[in-house]
Structures are given as C-alpha cells and as structure tokens.
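Listed below, chain by chain, are the residues.
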Protein chains: 2
Amino acid sequence: MRQNLARRTALLDAAIEVLARDGSRGLTFRAVDALAGVPTGTASNYFTSRDELIAQVAQRTRERLTPVESEVRRTMRAPRTRDLVTLLMHQLLDRMRQDRPTYLAMLELRLEATRRPELRAVLVDVFSENLRESIKFHLDADLPGDETTVVLLYLAMSGLLIDDLTVPDVLTPYPYDTLIATMVDRAIGPRDATRQSLT
Amino acid sequence: MRQNLARRTALLDAAIEVLARDGSRGLTFRAVDALAGVPTGTASNYFTSRDELIAQVAQRTRERLTPVESEVRRTMRAPRTRDLVTLLMHQLLDRMRQDRPTYLAMLELRLEATRRPELRAVLVDVFSENLRESIKFHLDADLPGDETTVVLLYLAMSGLLIDDLTVPDVLTPYPYDTLIATMVDRAIGPRDATRQSLT
DNA sequence: TTGACACCACTGCAAGTGTAGTACTACGTT
DNA sequence: AACGTAGTACTACACTTGCAGTGGTGTCAA
C-alpha cells in the first residue's frame, strides 16, 4: 500500500472526475489511472478495493466542498438584510457551478449510499454537519429568519442545485434571480413587529 | 424484436427494480432477466441495446409516477385552506414511500441524463410537464398561494424527497409534520388583505 | 545499500452481449 | 381434421471486452 499523499489525492480527484463524467458505472481503477495520467495499476497500489476508493472519495468531496473562509468574511460585512441572505444563496449556486464535478460525484455517492450503510453513515454525517453549521452561522450572524428558515432554504436550494445539475431546462421559465430572491423572502417569513419597527 | 407488451412491461418494471437496487452500474440485460424471472437472453430479444432499454425505462417511470385520479378528486372536496396544501404534500411524500424503487430509478436516470442528451430531453419533458401541471392544478383549484408558491414547493419537496431517499437521518431532528406545514405556510406567503377579510 | 515508490507487462478471471437453434402455441387454410 | 405459418419462449454457446491483481524491474533518496 503506497503512502505518497500528493499522489493519493491526485487519484481521488481523478476519481471524482470519473464519477462525474461516467457515473459510478465507469468508476474503475483503470479509468482513474487513465484520467490521473498515471500508469495502469497505480490505483490498485493505492486502494485495496473499489469500496475503499469510494469511501475515500467521500472524504475528499467533503474537503472540496468547504467554502473559502475569506470570501465569507468579506460578504458578511454587509448589513443583515434579506438581500444578504439572497446573496449567500447565489454564492452557493456559484460555488456549485464552479465545481460541478464534485457536486455530481456527491450525487452519485448519495445513490451509492443507498446500498452501502457505511457510506451512508459518512454522508449523513457530512450533510448533517453542513446543515447544523448553516443554522449556527445564520443565527450567530443574526441574519433574518429562524432555524426553520435555514432548513427550508437548505431543502429548496438542494432541489434547485440538483435540477440545475441534471435537468437545467426545467427551471428556465423562472429566472434564478427572482426565484432565489422570492425563495429567501418567503423562507424568512413575515417581518415580525419588533424587527419591522426597527427598520 | 419481440412485441409482447405485457412481457415488455414486466421487463421494464424489473429494470426499474434493478436500477433502484444496484444502480445504473448493475443495469444489464442479465440482471433484468434474472429479476423478471425470465430466461437469460429475453431482454436481449426485447431491446436492441442498453441505451434503448434506458430510454424505455424513462417512459415507464413516467407512467408509474402518475397519481391516481380518484384519490386526488376525493382529497379536493375539502375547503381551499393551507392545511389542504399541506395534505397534498404529505400525499406526495406517501406516494414516494410506497414506490421508492421508481423514485430511486428516476434519480439514477437523472444522473444518466447528464451523459445522454436524448435521455435528458425526455426527463426535462417529464419534469417540466409535471411542474406545469402542478401549477395549473394549484391555480385552477384556487388553492392559496401563487405560481411561485408551487415552484418553491416543488423545489423544497424535491430536496426533501431526495434526502429521504438517500440520507434520511439528516432530517430526523425536524419532524416532517411540522416541517412540511411550515414549508407550505411560508411558501404561500402572508395572507393578503382580501383573503384575510374573507376568512 | 536499502527501502519506498514508479512503472510495466502479463495472467487469469468474470461478466455480458448477441445469436443461432430448437420447441412451443395459436391461428388460419384447405 | 390435418397442415402450415408466424410469432414467441427457451436454451446454449461462442465471442468479446475489460478489469483486477501481481510480480518483476528500474529509479531515487536517505
């Protein structure tokens, strides 16, 4: 079993590409080797089985999905308005579009998790923590809306991202700009008396 | 090329089961034969290629997803309240749970569509029509909320169904009853003056 | 010099496809 | 009622493909 971390990561990144391009059907050691540009047999040396490869791919996607700290910080200088939440949702969409392969791979993994309990455990962990952090971030930052707001945005944005990944034309009648703005507005709910009087 | 429609349908239903159970990776003529309980080679006689099989599976899922007319009619006797919309969303969830294989197969097809333009065209068609019909139904039935309400519910329920299919434990902290009720309530938005005065 | 890794080639295996051939059934014909 | 034909079910097989795993050799660095 080889230990060279850089090469292992390169192989995992290649595996993500393969997953996105050919689906789990196309995920073989050979394909990973080829796409990583390393000699045939290399992936065999780094992963004992396809299952282990998949497990490590899941971990790697988790790393790749983490947003850049500095950008978030910059965004959060703005006042806590609904527009700011809308902007955050747009940034999520942009992040996805800049790394479609990872999101597609994630989707493949979701399906794979249907058949692999241990993989499902990993994914449940990833998504749960993601949701928990989103809620904490939202509330700590004093953004408008409550916990349910965040959960609803999580669900609606999931639906939107998945549609955009797989059947983009379904939503073309509804321009994302207004769609997301309305989504945010309604997910937050009516302005309560307190907040309204302050603005 | 065999024409026996009953058998063809049986094979397609078997293919849906295979897709749900083993993913697109496991979808082979052999697997379909085995699960349909017919002799090896039968699927070969009915479909010229795996591609054609997949295309016909897409059509078949479309048929299987259509809700039963009578049940809808019964539900729609109730007054046009937010609770009624909530009930409709619950019925959607129930329908999915009673036929997980079809929904899982649909998800597999979504991913497959990423690589097959002609399949994507079919799916875009299915989902677009589904959404259009939902909107028409909602507005014609004079249910509370506007067009955007329906789109938002479509997105949020997509996210919810997919999470429930693949990583159900993520949403366990948020009981579906209250989650869906709130989702509906916010997707509809604030009661406008007119409607409020009528109730 | 030794150990870890890159590279390469070969063997063997497993799976699946497609087809050819046979048997059965139903239906129409004379 | 015997026959013929068409469509289909069933079976078996040959052929191809593609992958996994391993062992051997080269290479670099400590």
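Everything below is about the structure shown above.
The structure presented is a predicted model; accordingly, all values stated were derived computationally and were not measured.

Colleague: Explain the relation of the copies chain A and chain B to me, please; I cannot follow it from the model alone.
Modeller: The second copy of the chain is related to the first by a rotation about an axis and a shift along the axis. After a rotation of 180 degrees and a shift along the axis of 0.0 Å, chain A superposes on chain B with an RMSD of 0.1 Å. Here the transformation between the copies is reduced to the relation of a two-fold axis. Comparing interface residues between copies, 100% of those in chain A also lie at the interface in chain B; the contact surface is shared.

Colleague: I would appreciate a short explanation of unusual backbone geometry in the present structure.
Modeller: What is expected of a backbone is that most residues other than glycine have negative phi and most peptide bonds are trans. Although it is not a glycine, D142 of chain A adopts a positive phi angle of roughly 65 degrees. Here D142 of chain A lies in the loop between α8 (117-140) and α9 (147-166).

Colleague: Would you mind showing me how to read helix α7 (residues 100-113) of chain B here?
Modeller: An α-helical turn contains 3.6 residues, so a residue and the one three or four places further along point in the same direction. With 14 residues, α7 of chain B extends 20 Å from end C-alpha to end C-alpha; this agrees with the ideal 20 Å at 1.5 Å per step. Counting buried residues along α7 of chain B, 12 of its 14 residues qualify, which places the element largely inside the surrounding structure.

Colleague: Any chance you could explain empty space enclosed by the protein here in plain terms?
Modeller: To find the voids left in a structure, one rolls a probe of water-molecule size over its atoms. Within the structure shown, the criterion is met by 3 cavities of 30 Å³ or more. Reported here for the largest cavity is a volume of approximately 110 Å³. Along the walls of the largest cavity sit L152, L153, A156, M183, R186 and A187 of chain A together with L152, A156, M183, R186 and A187 of chain B, which together make up its complete lining. When residues of the lining of the largest cavity are traced back to their parent elements, those giving at least two are α9 and α10 (176-188) of chain A together with α9 (147-166) and α10 (176-188) of chain B. Its residues placed into classes, the lining of the largest cavity shows 9 nonpolar, no polar and 2 charged. Estimated volume of the second largest cavity: approximately 60 Å³. Around the second largest cavity sit 14 residues that line it, and S24 and E108 of chain A together with S24, R25 and E108 of chain B are the ones nearest its centre.

Cut-offs and rules
Residues numbered from 1 in each chain as written. Chains lettered and ligands numbered in written order. Predicted model: local features only at pLDDT ≥ 70, side-chain atom pairs only at ≥ 80, totals over all residues. Heavy atoms only, no water. Least-squares fit on C-alpha atoms with pLDDT ≥ 70 in both. Contact = heavy atoms within 4.5 Å. Helix = DSSP H or I, 4+ residues; strand = E, 2+ residues; numbered from the N terminus. Expected span 1.5 Å × (residues − 1). Buried < 20%, exposed > 50% of the residue type's maximum accessible area, 1.4 Å probe, protein only. 1 Å grid on protein atoms, 1.4 Å probe; cavity = no way out; pocket = protein on both sides within 12 Å on 5 of 7 lines; lining within 4 Å. Points joined across faces, edges and corners; volume = space filled by probe spheres on them. Nonpolar A, V, L, I, M, F, W, Y, C, P; charged D, E, K, R; others polar.

Everything listed is a geometric property; what it means functionally is a separate question.
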